[in-house]
Amino acid sequence: MMRSRRLNCVSLVTAAMVALVCRSAQAQGPRDNIYRYILDIDIPESAGLVALDLLATKVLRGSAPKPFTATVVHRSADSSGTVTGVALDLVPYHLLGGGIRPLSSYRANSIAGRLLRVVTKTAMSIAVASVPNGDGSVLGALAVRTTFHDPHDPVLNSRLPEVVDSVLAAHGVSAADPTEEDLGDRGVDLEPAFAAASRQMRARGDVQVSAGWGVAGRLRGGSLKSDSLDQFRHTLWITGQHATGQRFDVIATVQFQPAFRDDDDWRFGAGIQRKSRPADLRLQLYYDTGSRRFHPGAVIEAHPTRGFLVGAGLTSEAAPGGLRGSADARFALTAQWYPTARR
């Protein structure tokens, strides 16, 4: 009965998304691909890896997701050993073609328009990871993450689409879907337009608000069978990110894990992010109700090239199965790849 109800809920959500896509496709006016204007800043953490609790950071970004992100993490902890995980995060609405629609439809401030923007920024995530004991089992997670409030949306709150179209028209390039060859052959440089939009969005301040839910468990023998799934746990979180200027962000996260169990814990975290050209530095401090103590941490992230992010983090965390007040040291390396707009 419970499984049937869950399937019905999934069917209703899927049907609602398809209906929204069809409705937007019927809108009148010239269409544009809104995913062409995704800024190459503030890449959110993989929701699946948050559900698996493999990341060094517990203070999560509140920024909107990219259309597609692939993440690899290698984590080492004092008590739980070494774990390697991979995750894929993608926006279903992007795959359904919903991003290609008139700008007037995307910018509409009606209830339907606002809900449609939330759907546009909702990502599904799947993640798997190794198990240190080497018994052939793997850890798996399914998660969903959405951005409810995004004042740094360049399509909604800037003239970036119009500026890009103007630059392309001045060089005789089709604004519909320019290729790398088109931009290179005509000497088109869109980087100044995107850089100006990034500065403009951060100057707005305000708070980006995102939330997520994930379920993680162990697959015995590495096979996906009904009798091989155990040790399930749910994770819920909500996070806010406030840009106080071009260089600094204040971030706060509340996380509930493992939710809906007798041993559930709350994590209340806050952090400061310092942005710079070579790398971003994030300092965090969170309180864990399970260990009844504060845990500090630091993460350094760098962009070696556009569409690629690497990071290293060191943090304190509650020791698994340890006494209250005990803590572990956790070190994690991450690498993320995501497609970016043609510049």
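(A) The pairing of strand β3 (residues 81-90), seen in detail. Where strand β2 (residues 68-77) lies against β3, 10 bridges are found, and the strand directions are antiparallel. Bridge pairing in β3 links T71 to A87. Where β3 and strand β5 (residues 122-130) come together, six bridges link them in antiparallel fashion. Each bridged residue has a counterpart across the sheet, and for G85 the counterpart in β5 is A129.

(B) Local environment of the environment of L54. For L54, the position within the fold is in the loop between α2 (47-52) and β2. Accessibility expressed as a relative area gives 2% for L54, which makes it buried. In sequence terms L54 and G85 are 31 residues apart; their C-alpha atoms lie 7.8 Å from each other. Residue contacts for L54: discarding those within four places in its chain leaves L49, V73, R75, V83, G85, A129, R330 and A332.

(C) Molecular detail of helix α7 (residues 160-170). Buried residues of α7: L160, P161, V164 and L168, and no others. The buried residues of α7 all sit within an arc of 100° when viewed along its axis, so they share a single face. Summarising the geometry of α7, the exposed residues directed more than 90 degrees from the buried face are A169 and A170.

(D) Spotlight on the packing of α7 against helix α9 (residues 191-203). Remark: α7 packs on α9, axes separated minimally by 10 Å, with the N-to-C direction vectors making an angle of 165°. Judged by the inter-axis angle, α7 sits roughly antiparallel to α9. Classified by chirality, the crossing of α9 by α7 is right-handed. Where α7 approaches α9, its residues L160, V163 and V164 are matched on the opposing element by A193, F194 and A197. Tallied by class, the residues present in the contact of α7 with α9 amount to six nonpolar, no polar and no charged.

(E) Fine view of the pattern of salt bridges. Throughout the structure, instances matching the rule amount to 18 salt bridges. The salt bridge involving R330 is made with D53; its shortest N-O contact spans 3.8 Å. Of this pair, R330 sits in strand β14 (residues 327-337) while D53 sits in the loop between α2 and β2, and the two are 277 residues apart along the sequence. Each member of the pair, R330 as well as D53, is classed as buried. Members of the salt-bridge network, linked through shared partners, are D42, E45, R61, R202, D249, K275, D280, R282 and E301.

(F) Spatial organisation of the packing of aromatic side chains. Evaluated as defined, the whole model comprises four aromatic pairs. Ring centres 4.3 Å apart and planes at 15° place the aromatic pair F256 and W266 in the stacked group. Here F256 is found in strand β9 (residues 248-259), whereas its partner W266 is found in strand β10 (residues 265-274), with 10 residues between them in sequence. Taking the centre distance of 6.0 Å and the plane angle of 10° together, the rings of W266 and F268 count as stacked. Under the relative-accessibility criterion, W266 is labelled partly exposed at 37%. For F268, a relative accessible area of 40% puts it in the partly exposed group. Among the aromatic residues, ring-to-ring pairing joins F256, W266 and F268 into one connected group.

Cut-off values and rules
Residues numbered from 1 in each chain as written. Predicted model: local features only at pLDDT ≥ 70, side-chain atom pairs only at ≥ 80, totals over all residues. Heavy atoms only, no water. Pairing = 2+ DSSP bridges. Helix = DSSP H or I, 4+ residues; strand = E, 2+ residues; numbered from the N terminus. Buried < 20%, exposed > 50% of the residue type's maximum accessible area, 1.4 Å probe, protein only. Contact = heavy atoms within 4.5 Å. Arc of directions from axis to C-beta. Axes fitted to C-alpha atoms, helices over the stretch in contact; angles between N-to-C directions. Parallel < 35°, antiparallel > 145°, perpendicular 65-115°, else oblique. Left-handed = near helix turned anticlockwise from the far one by under 90°. Nonpolar A, V, L, I, M, F, W, Y, C, P; charged D, E, K, R; others polar. Salt bridge = Lys/Arg side-chain N within 4 Å of Asp/Glu carboxyl O. Phe/Tyr/Trp six-rings, centres within 6.5 Å; stacked < 30°, edge-to-face > 60°.

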